[in-house]
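# Summary of structural features
Spelled out, the chains give:
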Amino acid sequence: MSVLSDLLDPHVGRHLIIDEGEVVVDEVHKHPLAYAGWVGGLVLCIALVAAAPLAGSGWWLLLGLGLLAALVCLYRIQLAHMDRFVITNMRVFRVSGIFSQRLATMPIQRILDIAVHKPLIGRVLGYGHFVFESAAQDQGLRDIRWVGRPDERDLTIQRVIQRSGVRRAMAVSGDDVPVGPPEPAPRRGHVPTPVPTPRPGGDHGGASTRDERAGGV
């Protein structure tokens, strides 16, 4: 991949363990509201640059400030675009950064709890924030902000955790299919019916013995 392509997209597929069967279940982009402030700032910078010729002798200063502010806004927009939270069938990981990239990963089995925080405006516009409690307490994965459709994503993670537990149970038992439900426990006070033990010789032998005893009386 070219350097320019790496600066424009995080390419989460190259972080997958393909030979172990890892696949992406969900790739979470930040909610559009995370970009809104910087997009608005970029629009103002463009208006400032367009008005620079009207500033008289100080037009070059206004132009420089407008271009510099526009570059900052573009950088922040791209930084939010490159921040991806990925759910796979084995783990969750987060890729972030433009020039220097950071990868934080956590196996799905180490997730202890997920808190979903939805502010009032988030409930209206459909976004929320995740707070992960894990055995590792990795700061790179503890707070995931601006998650679109948070309830749906939370259920997705819970399903992956559940399926992962079923697979581990199957691997330990050595079965190819899930084990069925356990037998119901006996009711309190219920005495199970004893199973008769056949005598040696079967029913015929038992009948002969009774006849002999009857004849000897």
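Throughout what follows, the structure given in this document is the object of discussion. (Residues numbered from 1 in each chain as written. Predicted model: local features only at pLDDT ≥ 70, side-chain atom pairs only at ≥ 80, totals over all residues. Heavy atoms only, no water.)

### Brief notes about the overall build of the protein chain
A tally of regular secondary structure across the protein chain gives 7 helices and 7 strands. Helices (α) and strands (β) of the protein chain occur, in sequence order from the N terminus, as α-β-α-α-β-β-β-β-α-β-α-β-α-α. Counting all 217 residues of the protein chain, 29% fall into the buried class. Looking at the protein chain alone, contacts between residues at least 24 apart form 55% of all its contacts between residues at least 6 apart. With an accessible surface of roughly 14,600 Å², the protein chain has 62% of that area assigned to carbon and sulfur atoms. (Helix = DSSP H or I, 4+ residues; strand = E, 2+ residues; numbered from the N terminus. Buried < 20%, exposed > 50% of the residue type's maximum accessible area, 1.4 Å probe, protein only. Contact = heavy atoms within 4.5 Å. Areas by Shrake-Rupley, 256 points an atom, 1.4 Å probe, with all protein chains shown as cover.)

### So, the environment of Val-72
With respect to the element layout, Val-72 can be found in helix H3 (residues 59–82). Judged by its relative accessible area of 41%, Val-72 is partly exposed. The spatial distance from the C-alpha of Val-72 to the C-alpha of Gly-41 is 9.3 Å, given a sequence separation of 31 residues.

### Points about the nonpolar core
Counting 16 residues, the largest nonpolar core has Phe-85, Val-92, Ile-111, Phe-132 and Ile-157 as the members making the most contacts within it. Among the elements of the structure, strand S2 (84–88), strand S4 (102–107), strand S5 (111–117), strand S6 (127–134), strand S7 (143–148) and helix H6 (150–173) are those that each provide at least two residues to this core. Beyond its immediate chain neighbours, meaning those up to four positions away, Phe-132 contacts Phe-85, Met-106, Ile-111, Asp-113, Ile-114, Leu-141, Arg-142, Ile-144 and Ile-157. In this structure, Ala-34, Tyr-35, Cys-45 and Ile-77 belong to the second largest nonpolar core, which totals 8 residues. (Core = buried A, V, L, I, M, F, W, Y, C linked by side-chain atoms within 4.5 Å.)

### Section: the side chain of His-15
In this fold, His-15 is placed in the loop between helix H1 (3–8) and strand S1 (24–28). The buried category is assigned to His-15, whose relative accessible area is 19%. Once residues lying within four places of it in the same chain are set aside, the contact partners of His-15 are Pro-10, Glu-22, Arg-91, Phe-93, Val-95, Gln-101 and Leu-103.

### Things to note about the sheet that holds S5
The strand order S5-S6-S7 describes an open sheet built from 3 strands, whose pairing is antiparallel. This sheet does not close on itself; its edge strands, each paired only once, are S5 and S7. Adjacent strand axes in the sheet meet at a mean angle of 30° when their direction is disregarded. (Pairing = 2+ DSSP bridges. Axes fitted to C-alpha atoms, helices over the stretch in contact; angles between N-to-C directions.)

### Describing empty space enclosed by the protein
The tally for this structure, following the rule as stated, stands at 1 cavity of 30 Å³ or more. Reported here for the largest cavity is a volume of approximately 50 Å³. Looking at the largest cavity, the residues that line it are Val-28, His-29, Lys-30, Asp-83, Arg-84, Phe-85, Arg-94, Ile-144, Arg-145 and Val-147. Contributing elements (two or more residues each) for the lining of the largest cavity: S2 and S7. A per-class count over the lining of the largest cavity returns 4 nonpolar, 1 polar and 5 charged. (1 Å grid on protein atoms, 1.4 Å probe; cavity = no way out; pocket = protein on both sides within 12 Å on 5 of 7 lines; lining within 4 Å. Points joined across faces, edges and corners; volume = space filled by probe spheres on them. Nonpolar A, V, L, I, M, F, W, Y, C, P; charged D, E, K, R; others polar.)

### What to know about H3
Helix length check: H3, at 24 residues, gives a terminal C-alpha distance of 35 Å against a target of 34 Å (1.5 Å per residue), a fit within 8%. For H3, the complete set of buried residues consists of Gly-66, Ala-70, Cys-73, Ile-77, Gln-78, Ala-80 and Met-82. (Expected span 1.5 Å × (residues − 1).)

### A closer look at helix H2 (residues 33–50)
Its 18 residues place the ends of H2 26 Å apart at the C-alpha level, agreeing with the 26 Å of an ideal helix rising 1.5 Å per residue. For H2, every residue scored as buried is listed here: Ala-34, Tyr-35, Gly-41, Leu-42 and Cys-45. The arc enclosing the buried residues of H2, seen along the axis, measures out at 125°, which places them on a common side. When the buried face of H2 is taken as reference, the exposed residues oriented beyond 90 degrees from it are Gly-37, Val-43, Leu-44 and Ala-50. Along its buried surface, H2 packs onto H3 and S7. (Arc of directions from axis to C-beta.)

### A closer look at the pattern of salt bridges
Taken as a whole and assessed by the stated rule, the structure comprises 11 salt bridges. In this structure, the salt-bridge partner of Asp-6 is Arg-14, at a minimum N-O distance of 3.3 Å. A cluster of three or more residues bridged by salt bridges with shared partners is formed by Asp-9, Glu-27 and Arg-84. (Salt bridge = Lys/Arg side-chain N within 4 Å of Asp/Glu carboxyl O.)

### Digging into the packing of H2 against H3
The relative placement of two packed helices comes down to the angle between their axes together with the axis-to-axis distance. In the contact formed by H2 and H3, the axes pass within 8 Å of each other and the chain directions differ by 160°. When the axes of H2 and H3 are compared, the pair comes out roughly antiparallel. Considering only the axes of H2 and H3, their crossing is left-handed. Class assignment of the residues belonging to the contact of H2 with H3 gives a composition of 17 nonpolar, 3 polar and 1 charged. (Parallel < 35°, antiparallel > 145°, perpendicular 65-115°, else oblique. Left-handed = near helix turned anticlockwise from the far one by under 90°.)

Distances and angles like these do not, on their own, reveal function.
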